[in-house]
Amino acid sequence: MSIFNQAAKTILDMARKCPKCGNEQVVAASMKKESVKCKACGAEVPPKR
Ligand SMILES: [Zn+2]
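Keep in mind the model is a prediction, meaning the values are calculated, not measured.

Cut-offs and rules
- Residues numbered from 1 in each chain as written.
- Predicted model: local features only at pLDDT ≥ 70, side-chain atom pairs only at ≥ 80, totals over all residues.
- Helix = DSSP H or I, 4+ residues; strand = E, 2+ residues; numbered from the N terminus.
- Contact = placed C-beta atoms within 7 Å.
- Expected span 1.5 Å × (residues − 1).
- Buried ≥ 20, exposed ≤ 12 C-beta atoms within 10 Å, placed from the backbone.

### Quick word on the environment of Cys-41
By secondary structure assignment, the location of Cys-41 is in the loop between β3 (36-37) and β4 (44-45). As for Cys-41 and Gly-22, which are separated by 19 residues in sequence, their C-alpha atoms are 9.6 Å apart. Leaving out residues up to four positions away in the same chain, Cys-41 has contacts with Cys-18, Lys-20, Cys-21 and Asn-23.

What follows is the structure, encoded as structure tokens:
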């Protein structure tokens, strides 16, 4: 796997999709296990398992 693919995988890993409006946003690695607020609609976006 190339370095580019690894970087893309890391970014995809950090991206989270809002269950309410479908907005995707990148979540900081430190927030990986925390719920975050959707930037678009303010709904809680739960962490991935
Ligand atoms: Zn949303």
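Alright, that's what it looks like, and here's the rest.
### Notes on helix α1 (residues 3-14)
Taking 1.5 Å of rise per residue, the twelve residues of α1 would be expected to cover 16 Å, and the 17 Å separating its terminal C-alpha atoms lies within 8% of that figure. Counting buried positions over the twelve residues of α1 gives zero, only a small fraction of the element.

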